[in-house]
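# Structure assessment
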Amino acid sequence: MVTIKTIAKMAGVSHTTVSRALNEDPAVKEDTKKKIQKIATDLGYSPNLRAKGLVTNKNYTIGLFFSSISSGTSYSFLTEIIKRLYDSLAQEYSLSINGIDQLTNYDSTVKGRLDGVIVVSQSVKDDEFINYVKQNNIPLLVMNRLISRDDVANVAFDEYTGVLQATEYSIRMGHSKFGMIEGIEDFESSSLRKKAFIETIRHEQLQIIPEAVIQGDYQVASGYRAMKKILLLPEVPDLVFCGNDDMAIGAMKACYELGVRVPTDISLLGFDDSVYAKYTNPGLTTVRKPVNKLSEAGLQMFDQVLNNPNYSVSKEIVQPELIIRGSVKNMH
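Since the model is a prediction, treat every value here as computed from it, not as a measurement.

## Quick notes on the overall build of the chain
A count of helices and strands for the chain gives 12 helices and 12 strands. Radius of gyration (C-alpha) of the chain: 25 Å, far over the 20 Å computed for a compact globule of 332 residues. On the principal axes, the C-alpha backbone points of the chain span a range of 85 × 35 × 35 Å. Taken over 332 residues, the chain has a buried fraction of 49%. Considering only contacts in the chain between residues 6 or more positions apart, those separated by 24 or more positions represent 72%.

In structure tokens:
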């Protein structure tokens, strides 16, 4: 096995000099650096990342923190954003994935262990953790939720406009009686989606059936349970907006079990455009939350935060896209 000591012996220098040369340390003379790098290449040397980290003061680990992994964050969103970030990171880095709600000691999880932190935030409850990371001068990016502070790199999604577009579309299609299955109550995405949905319908002076607005938790099973309750009401809406696609899929199953046809008897709207949305029968009309754009914009910012000490942090808002499939009936 080729080691730094092997290269040091062949080059006639100390192993510390070899480490510095392989990490482009300007303190090493250029001709010595080239000599060492050539020997390393000829021998097929592959650096040990842990040893490299000791020299460069890096752990080669990025902390990815969700508001919660165990509850509230849908599996489709969780897995998609992890995959996008994992694919986008430099090959030598690994991800440490955690839920903020499960942390008991910030120091033991973060300080001295991570080169940087990405927070995929859903709730203002995350602000305490975000403040801790910032106060400890750890490179930080907050994704998904627009935060009020201006000293943290922030990429967010325009939740309100997405629901506004979807609701306006359903109104143009002739719907006049509405219900909703909400997400987690203290998640900002839930409150923004509900606010946009209700304000748009009230602006058009149309009807929201109060009993048909039911709390869910972004999981499939909650959509299934809520939809069964809605379908058994004395007055049933002609369209139900589900706070995300996972709940819409659960709602669709409830409709099937009760012999209610989508969209012939009732229309469904989702949110996220998860990987499953186009495979339902009928395909789910939904709002695309472009995780790829969110991740791409975020990683570009995060690269600057990690590597450019003069970088002036910024905010970016990623816009939604309405995806029309077959789950919303044309009532005209």
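## Considering unusual backbone geometry
For the peptide bond that leads from valine 262 to proline 263, omega is 5°, which places it in the cis range. Along the chain, the position of proline 263 falls in the loop between α11 (245-257) and β9 (267-269). Here asparagine 281 and proline 282 are connected by a cis peptide whose omega angle stands at 0°. The residue asparagine 144 is not glycine, and still its phi comes out positive at about 85°. As for its placement among the helices and strands, asparagine 144 is situated in strand β4 (residues 140-144).

## Let's talk about the sheet that holds strand β8 (residues 239-242)
The 4 strands are arranged β7-β6-β8-β9 in an open sheet whose pairing can be described as parallel. Lying at the two open borders of the sheet, with one neighbouring strand each, are β7 (207-215) and β9. Adjacent strand axes in the sheet meet at a mean angle of 20° when their direction is disregarded. As defined by bridge partners, strand β6 (residues 177-182) adjoins β8 across 4 bridges and the pair is classed as parallel. Paired with phenylalanine 178 across the two strands is leucine 239, which belongs to β8.

## Points about the nonpolar core
Within the largest apolar cluster, 44 residues are counted, with the highest numbers of intra-cluster contacts made by Ile81, Leu85, Ile118, Leu141 and Phe197. Among the elements that line this core, the one with the most residues is helix α12 (residues 291-307), at 7 residues. Sequence-distant contacts of isoleucine 118, that is, excluding residues within four places in its chain, are made with Ile62, Gly63, Leu64, Phe65, Leu85, Leu141, Met143 and Phe302. Listed in part, the 25 residues of the second largest apolar core include Ile214, Ala226, Leu233 and Leu284.

## Let's talk about the environment of isoleucine 324
Looking at the secondary structure, you find isoleucine 324 in the segment after β12 (321-323). Spatially, the C-alpha atoms of isoleucine 324 and lysine 278 are 9.9 Å apart, while their sequence positions differ by 46 residues. If we ignore the near neighbours within four places in the chain, the residues touching isoleucine 324 are Tyr169 and Thr285.

## Points about the sheet that holds strand β1 (residues 61-66)
Ordered in space as β2-β1-β3-β4-β5-β11, the 6 strands form an open sheet in which the pairing is parallel. Two strands lie at the open edges of the sheet, namely β2 (94-99) and β11 (315-318), each paired on one side alone. Within this sheet the neighbouring strands show an average axis-to-axis angle of 15°, counted without direction. Pairing of strand β5 (residues 153-157) with β11 involves 4 bridges; the strand directions are parallel. Paired with phenylalanine 157 across the two strands is valine 318, which belongs to β11. Where α12 meets the sheet, its contacts fall on β1, β3 (116-120), β4, β5 and β11, and the angle it forms with β5 comes to roughly 175°.

The rules behind each value
Residues numbered from 1 in each chain as written. Predicted model: local features only at pLDDT ≥ 70, side-chain atom pairs only at ≥ 80, totals over all residues. Heavy atoms only, no water. Helix = DSSP H or I, 4+ residues; strand = E, 2+ residues; numbered from the N terminus. Rg over C-alpha atoms; globule rule 2.2 N^0.38 Å. Buried < 20%, exposed > 50% of the residue type's maximum accessible area, 1.4 Å probe, protein only. Contact = heavy atoms within 4.5 Å. Pairing = 2+ DSSP bridges. Axes fitted to C-alpha atoms, helices over the stretch in contact; angles between N-to-C directions. Core = buried A, V, L, I, M, F, W, Y, C linked by side-chain atoms within 4.5 Å.

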